[in-house]
Amino acid sequence: MSTTRTQVNTADAAGAGGVRPSHASSGTVAARAIGLQKTYGEKDAEVHALRDVSLAIPAGRFTAIMGPSGSGKSTLMHCLAGLDTPTAGTVMIGDTDLSRCDDTQRTRIRRRELGFVFQSFNLLPVLSARANILLPLTLDRRRPDRAWFDELVHVLGIADRLDHKPSELSGGQQQRVAIARALLPRPRLILADEPTGNLDSHSGAQVLSLLQASSRRAGQTIVMVTHDPVAAGYCDQVLVMADGLLVDQIDTPTTDSVAAAMLRHGSVAGAAGVGR
Ligand SMILES: Nc1ncnc2c1ncn2[C@@H]1O[C@H](COP(=O)(O)OP(=O)(O)OP(=O)(O)O)[C@@H](O)[C@H]1O
């Protein structure tokens with residue numbers, strides 16, 4: 001499908017030669033996509049999920065990715081996470097080019113540097129909530145920070161659900177277990193695909209405050225896909241996707257500025273999440 005959309009390129013902005021985003025004062029980039037393309041299917045069934053996306057995720061900041069359904073947000077997250085291989089282009093995590101890593105190196109980066117919260121939670125059904133939260137550290141033979149574990153399960157409201165299996169938890173509780181699992185190892189980069197999608201407004205606001213504090217206090221880099229302008233208002237910047245392209249960037253977003261951008265780019269503002 002051809003497109004007349006104007007493309008934004010934040011990779012230039014945070015790299016050489018461009019206008020640096022005002023908030024990226026340290027200039028450090030946690031992750032970068034360069035000319036990223038992802039095509040699913042073949043011939044008549046081809047879907048260009050990512051057409052040509054270049055962006056820089058500033059370190060220590062909370063970034064939202066927004067855009068209409070099908071615009072390529074999840075595909076971008078999966079490519080940034082090294083879970084999906086781009087058809088063309090490069091993903092850099094810090095200074096490491098993911099495409100040049102072998103499976104062992106990629107696994108090490110995923111375990112040591114990245115944390116994920118997916119729409120499907122990806123909790124192991126046979127394990128308790130506690131064991132699920134501890135799993136990334138267990139696999140990496142690392143000891144958990146007990147105080148941080150206790151704080152996380154308390155703030156996320158799952159302290160009394162730790163001995164339950166995922167099937168014994170509500171969708172919102174499973175989501176909060178997945179968030180605790182992602183945050184406990186204190187990864188440098190957290191990729192969260194609609195982390196407040198299954199939560200009521202109170203729990204959603206708590207999760208967003210926790211994510212915001214993780215970037216402001218602990219310097220973690222967080223990238224969150226959301227459809228919700230209120231959720232995006234917790235972020236330092238919003239990147240807007242449409243038709244597999246990055247089409248807009250909003251610095252120091254507010255609920256109103258995000259809602260206006262969503263309407264401009266064809267999303268239904270406030271369709272989901274904590275804004276209702
Ligand atoms: N495994 C796949 N095989 C074929 N097409 C796919 C696959 N995954 C995604 N797509 C297509 O790629 C496009 C982008 O999908 P993606 O899930 O990245 O969009 P999205 O912006 O995250 O959407 P949503 O907001 O609805 O979650 C869509 O047209 C989708 O149907």
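Summary of the structure given here.

Reading guide: rules and limits
- Residues numbered from 1 in each chain as written.
- Predicted model: local features only at pLDDT ≥ 70, side-chain atom pairs only at ≥ 80, totals over all residues.
- Heavy atoms only, no water.
- Pairing = 2+ DSSP bridges.
- Helix = DSSP H or I, 4+ residues; strand = E, 2+ residues; numbered from the N terminus.
- Contact = heavy atoms within 4.5 Å.
- Axes fitted to C-alpha atoms, helices over the stretch in contact; angles between N-to-C directions.
- Salt bridge = Lys/Arg side-chain N within 4 Å of Asp/Glu carboxyl O.
- Buried < 20%, exposed > 50% of the residue type's maximum accessible area, 1.4 Å probe, protein only.
- 1 Å grid on protein atoms, 1.4 Å probe; cavity = no way out; pocket = protein on both sides within 12 Å on 5 of 7 lines; lining within 4 Å.
- Points joined across faces, edges and corners; volume = space filled by probe spheres on them.
- Nonpolar A, V, L, I, M, F, W, Y, C, P; charged D, E, K, R; others polar.
- Core = buried A, V, L, I, M, F, W, Y, C linked by side-chain atoms within 4.5 Å.
- Near = heavy atom within 4 Å.
- Polar contact = N/O pair within 3.5 Å; in protein donor to acceptor, adjacent residues only side chain to side chain.
- Areas by Shrake-Rupley, 256 points an atom, 1.4 Å probe, with all protein chains shown as cover.

1. A closer look at the sheet that holds strand β5 (residues 96-97)
Link 1 in the chain: Spatially, four strands are ordered β2-β1-β4-β5 in an open sheet, and the strand pairing comes out antiparallel. In the strand order of this sheet, the two ends are held by β2 (47-58) and β5, each with one partner.
Link 2 in the chain: Bridge analysis of strand β1 (residues 29-40) against β2 gives eight bridges, and the strand direction is antiparallel. Note on β2: the bridge partner recorded for Val29 is Pro58.
Link 3 in the chain: Of the strands in this sheet, β1, β2 and β4 (88-93) touch helix α2 (residues 73-80), which is tilted by about 60° from β2.

2. Brief notes about the pattern of salt bridges
Link 1 in the chain: A complete count under the given rule lists eleven salt bridges for this structure.
Link 2 in the chain: Here Arg216 ties to Asp236 by a salt bridge, and the two come within 3.7 Å at their closest N and O atoms. Placement of Arg216 in helix α7 (residues 201-216) and of Asp236 in the loop between α8 (229-232) and β9 (237-242) is noted, with a sequence separation of 20 residues between them.
Link 3 in the chain: On the basis of relative accessibility, which here comes to 56%, the residue Arg216 falls in the exposed class.
Link 4 in the chain: It is possible to trace a salt-bridge network through shared partners that takes in Arg112, Asp140 and Arg142.

3. Focus on the environment of Arg112
Link 1 in the chain: As for its position among the elements, Arg112 is in helix α3 (residues 103-113).
Link 2 in the chain: A relative accessible area of 43% places Arg112 in the partly exposed class.
Link 3 in the chain: As a C-alpha pair, Arg112 and Pro136 span 24 residues in sequence and 8.9 Å in three-dimensional space.
Link 4 in the chain: Filtering out sequence-adjacent residues up to four positions away, Arg112 remains in contact with Asp140, Arg142 and Pro187.

4. Some remarks on the sheet that holds β9
Link 1 in the chain: Taking strand neighbours across the sheet as the criterion, the six strands line up as β6-β7-β8-β3-β9-β10 in an open arrangement whose pairing is mixed. The outermost strands of the open sheet, each flanked by one partner alone, are β6 (114-117) and β10 (245-251). Pairs of neighbouring strands in the sheet enclose a mean axial angle of 15°, with direction left out of account.
Link 2 in the chain: α3 rests against β6 and β7 (189-193) of the sheet, and its axis sits at about 75° to β6.
Link 3 in the chain: Strand contacts of α7: β3 (62-66) and β8 (221-225), with the helix running at about 150° to β8, the strand carrying the most contacts.

5. Points about the layout of surface pockets
Link 1 in the chain: Roughly 490 Å³ of volume is contained in the largest pocket.
Link 2 in the chain: Arg110, Arg111, Phe116, Pro136 and Arg181 are the residues nearest the centre of the largest pocket, which is lined by 19 residues in total.
Link 3 in the chain: Here the element with the most residues in the lining of the largest pocket is α3; it accounts for four residues.
Link 4 in the chain: Taken together, the residues of the lining of the largest pocket sort by class into eleven nonpolar, three polar and five charged.
Link 5 in the chain: Roughly 180 Å³ of internal volume is contained in the second largest pocket.
Link 6 in the chain: Around the second largest pocket, the lining is made up of 15 residues, and of these Val29, Ala30, Ala59, Arg188 and Thr221 lie nearest the centre.

6. Re the pairing of β6
Link 1 in the chain: Both faces of β6 are covered, namely the face carrying Leu114 and Phe116 and the face carrying Gly115 and Val117.
Link 2 in the chain: Pairing analysis gives four bridges linking β6 to β7, with the strands arranged parallel. Looking across to β7, one finds that Gly115 is bridged to Ile190.

7. Observations concerning the nonpolar core
Link 1 in the chain: One finds Phe62, Ile133, Leu183, Leu184 and Val238 to be the most contacted residues of the largest nonpolar core, which totals 47 residues.
Link 2 in the chain: Ranked by the residues each element gives to this core, the list is headed by helix α6 (residues 171-183), at six residues.
Link 3 in the chain: In contact with Val238, other than residues within four places in its own chain, are Ala64, Met66, Ala232, Asp248, Gln249, Ile250, Pro253 and Val258.
Link 4 in the chain: Counting 28 residues, the second largest nonpolar core, distinct from the first, contains Leu50, Ile57, Val91 and Leu98.

8. Let's talk about the site of the ligand
Link 1 in the chain: Ser69, Gly70, Lys73, Ser74 and Thr75 are the nearest of the 13 residues found near the ligand.
Link 2 in the chain: Here an oxygen atom of the ligand and a backbone polar atom of Ser74 are 2.9 Å apart.
Link 3 in the chain: Take Thr75: an N or O atom from its side chain is 2.6 Å from an oxygen atom of the ligand.
Link 4 in the chain: Taken by itself the ligand offers 630 Å² of open surface, and the protein chains cover 60% of this.
Link 5 in the chain: The dominant element in the shell around the ligand, judged by the number of residues it contributes, is α2, at three residues.
Link 6 in the chain: In terms of residue class, the shell around the ligand is built from four nonpolar, eight polar and one charged.

9. A look at the pairing of β4
Link 1 in the chain: Relative to β4, β1 runs antiparallel, the two sharing five bridges. Looking across to β4, one finds that Ala33 is bridged to Val91.
Link 2 in the chain: Bridging between β4 and β5 involves two bridges; their strand directions are antiparallel. Directly across from Ile93, in β5, lies its bridge partner Thr96.
Link 3 in the chain: Counted along the chain from β4 to the antiparallel partner β5, the turn is two residues long, and its residue Gly94 has a positive phi close to 60°.

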